[in-house]
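# Results of the structural survey
This is what each chain is made of:
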Amino acid sequence: MAPVNHIRARKGVRVASAAAGTVLALGLAGCSIDLSGLRPGGESEEEPSPEAAEPVAAAPLLEEALADLAAYPALTATGQVADSVGSSDIRDASLTVADSGAASGTIRANDTEADVISADGRIFLRTAEDFWLDQGVFGPDFDDFDGNWVRASSAQAGFDPSATLAPPELSAILGGKELESEEAVEENLDGTLTYRIDLVGERDQVWINAETNQIQRIAIEELIPEEAESGPQVRLDLAEADPAAVEELYDGIIATTEEELTGSRDARIEVNWDGSPDMSCEEGPHCTWSGTVRDAGGDGSGTVHVRMDVTFSNDEIGEQTCQDSGSLEAGGTLELSCSADYEIVSSDPQTYQIGGESKLSTRGLTGGQQEEMLGNLNEQREATLSGDSSTEEEENGD
């Protein structure tokens, strides 16, 4: 039996980067000069005092706006998101999110833009390699990440739009916050008259359009989904998505799921060998490759589908291949093993030197998962467009 050639390892330097962000404070400033004294007889004329605006009660105004928000088929959200309070990793986001949680759009981190799809409890990103390097993400198939769809965790995406921005979910989160003041404050927001409602929290505010009574902007320190312990810091402009945008949202996600996601990779766990794999050959030659893979980063999430492809080779008798696959849970290990048999029958026994090489890869969506996801998306699309959406999205464990 001859020496075994193992997979080559590429060493990389983890790069950590930080982005500085600026928090914009909204306010109005102005000054006026009384010129009435320059008019003839102006000294004796008295200007009527402007009447104070009637105070607007915050509670009923917010209640009506939140009920309206909860009934949106979908919303558009544009602004900034940080994964936690005080984080320097501030990302620009532009998303359309349906009531089912299906979401699509873009995020930008450190001048690198990423396309985003979030649906059926899964988040996928398509972006440049630099995006992943900035987050210290590595894997056996990292070379396939650049420009391709990769399944990501909510931490890698910056947040989970399905859990926080689906209209019913967002309405429930905001409705769970207490009022700081019983009165709303009239405010000019980017040229539009709004009512600002201050919520309990250092900088938690909601702006409601004075004409439509719809929420126009939110600034929330921690947008915490139900049953979660933490959430992203957001400053987002909101609007109800029109029917055409809703159809475009679902059509785009469904088409991408059908055509591209089965070729996607998975960055949620840093997959690597636990030690070195073993190779053995018996008469035939009948060769076996086996080993254990693990969560090398130690901070992964979810369950990742891992595939091992092995090639046995000899210059005289050629190549034989085999493969094995399985599911690796975050923090766990997975045993992989496969065999190939040359099945050489000869009355004159020969000795062959067999080499072996393996490659690990991940799958962001298997064929069975694709079928399930497409079925769910089509049901959600029909429910959203009919105005009868009752689908509650749950986080998948795969």
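Overview of the structure. Numbers given to residues run from 1 along each chain, matching the order in which its sequence is written. Thresholds applied to this predicted model are a pLDDT of at least 70 for local features of residues and 80 or more for the giving and counting of side-chain atom pairs; totals over whole chains, interfaces and linings are not thresholded and use all residues. Calculated side-chain values reflect all of the structure's heavy atoms, with hydrogen atoms and water omitted.

## Points about the packing of aromatic side chains
Aromatic rings from Phe, Tyr and Trp, with only the six-membered ring used for Trp, were paired whenever their centres fell within 6.5 Å, and each pair was classed as stacked if the ring planes differed by under 30 degrees, edge-to-face if by over 60, and tilted otherwise. As enumerated under the stated definition, the model contains four aromatic pairs in all. Measuring from centroid to centroid gives 5.6 Å for Trp132 and Phe145, while their planes differ by 65 degrees, and the two rings are edge-to-face. Pair noted here: Trp132 is in helix H2 (residues 129-134) and Phe145 is in the loop between H2 and strand S7 (149-152), with a separation of 13 residues, a long-range link. Their ring planes at 50 degrees and their centres at 5.3 Å tell us that Phe142 and Phe145 sit as a pair that is tilted. Only DSSP runs of H or I reaching four residues or more are called helices, and only runs of E reaching two or more are called strands; each is numbered from the N terminus.

## Overview of the sheet that holds strand S20 (residues 355-363)
The strands making up a sheet associate through backbone hydrogen bonding, with each pair oriented either parallel or antiparallel. Within the open sheet, the three strands sit side by side as S18-S17-S20. Their pairing is antiparallel. Looking along the sheet, the strands with just one partner apiece sit at the ends: strand S18 (318-329) and S20. Put simply, the sheet's adjacent strands are angled 20 degrees from each other on average, direction ignored. Between any two strands, pairing holds if DSSP finds at least two bridges. Sheet topology note: the strand S17 (residues 303-314)/S20 ladder contains nine bridges and is antiparallel. Paired with Val310 across the strands is Ser358, a residue of S20. With axes taken as lines fitted to C-alpha atoms, and helix axes fitted only over the stretch in contact, angles between N-to-C directions fall between 0 and 180 degrees.

## Some thoughts on unusual backbone geometry
Cis peptide bonds are those with omega within 30 degrees of zero, and the linkage from Gly284 to Pro285 qualifies with -15 degrees. One can find Pro285 in the loop between strand S15 (278-282) and strand S16 (286-295). A positive phi is found at Glu343, a non-glycine position, where the angle reads about 55 degrees. For Glu343, the position within the fold is in the loop between strand S19 (333-341) and S20.

## As for the pattern of salt bridges
As a working rule, side chains carrying opposite charge can pair if their charged atoms are close by. The term salt bridge refers to a pairing of a side-chain nitrogen on Lys or Arg with a carboxyl oxygen on Asp or Glu at a separation within 4 Å. Counted according to the given criterion, the structure contains 18 salt bridges. One salt bridge connects Arg91 with Asp89, and the closest N-O pair in it is separated by 2.9 Å. Under the relative-accessibility criterion, Arg91 is labelled buried at 5%. Between Arg268 and Asp266 there is a salt bridge, with the nearest N and O atoms lying 2.9 Å from each other. Of the two residues examined, Arg268 and Asp266, each falls in the buried class. Three or more residues are tied together by salt bridges with common partners; here these are Asp115, Arg126 and Glu260. Buried residues are those whose accessible area, probed at 1.4 Å on protein chains only, stays under 20% of the maximum for their type, while exposed residues exceed 50% and partly exposed ones sit between those limits.

## What to know about the packing of helix H1 (residues 58-70) against helix H5 (residues 167-175)
When two helices pack together, their arrangement is given by the angle between their axes and by how far apart the axes lie. Relative orientation of the contacting elements H1 and H5 amounts to 155 degrees, with a least axis distance of 7 Å. Classified by the angle between their axes, H1 and H5 sit roughly antiparallel to one another. Seen from above, H1 lies across H5 with left-handed handedness. Contacts between H1 and H5 pair Leu66, Leu69 and Ala70 from the former with Pro167, Pro168, Leu170, Ser171, Leu174 and Gly175 from the latter. In what follows, roughly perpendicular refers to angles from 65 to 115 degrees, roughly parallel to angles under 35, roughly antiparallel to angles over 145, and oblique to any angle outside these ranges. Working rule for handedness: look at the near helix, and if it is turned counterclockwise from the far one by less than a right angle, call the crossing left-handed; if clockwise, right-handed. Here, two residues are considered to be in contact whenever any of their heavy atoms come within 4.5 Å of each other.

## Re the packing of helix H6 (residues 243-259) against helix H7 (residues 367-386)
Put simply, H6 and H7 touch, their axes get as near as 10 Å, and they point 170 degrees apart. In terms of axis orientation, H6 runs roughly antiparallel to H7. On the side of H6, the interface is formed by Val246, Glu247, Tyr250, Asp251, Ile253, Ile254, Thr257 and Glu258, while H7 contributes Gln370, Met373, Leu374, Leu377, Asn378, Gln380, Arg381, Thr384 and Leu385. Grouping the constituent residues of the contact of H6 with H7 by class yields eight nonpolar, five polar and four charged. We call Asp, Glu, Lys and Arg charged. Ala, Val, Leu, Ile, Met, Phe, Trp, Tyr, Cys and Pro are nonpolar, and the rest, Gly among them, are polar.

## Thoughts on the environment of Gly331
Looking at the element boundaries, Gly331 is found in the loop between S18 and S19. Take Gly331: its relative accessible area is 66%, and that puts it in the exposed class. Counting along the chain gives 35 residues from Gly331 to Ala296, while the straight-line C-alpha distance between them is 8.2 Å.

## So, the nonpolar core
Leu125, Trp132, Leu165, Leu170, Leu174, Ile215 and Ile218 are the most contacted members of the largest nonpolar core, which totals 48 residues. The greatest single-element share of this core, amounting to six residues, is contributed by H1. Apart from residues no more than four positions distant in its own chain, Leu174 is found in contact with Leu66, Leu69, Ile215, Ile218, Ile220 and Leu223. Think of a nonpolar core as a cluster: buried Ala, Val, Leu, Ile, Met, Phe, Trp, Tyr and Cys residues, connected wherever their side-chain atoms sit within 4.5 Å. Ile269, Val271, Met308 and Leu334 belong to the second-largest nonpolar core, a separate cluster that totals 21 residues.

## Notes on the environment of Leu328
Tracing the sequence through the fold places Leu328 in strand S18. In this structure Leu328 comes out as buried when scored by relative accessible area, which is 0%. In sequence terms Leu328 and Asp295 are 33 residues apart; their C-alpha atoms lie 7.8 Å from each other.

## Here we look at the side chain of Thr288
Within the secondary structure, Thr288 is located in strand S16. For the purposes of these results, a polar contact is taken to be a pair of N or O atoms within 3.5 Å, where, inside protein, one atom must be able to donate a hydrogen and its partner to accept one; residues adjacent in sequence count only when each atom of the pair is a side-chain atom. One polar contact links Thr288 to Ser339, side chain to side chain, over a distance of 2.7 Å. Once residues within four sequence positions are removed from consideration, Thr288 is found in contact with Asp278, Met279, Ser280, Phe312, Ser337, Cys338 and Ser339.

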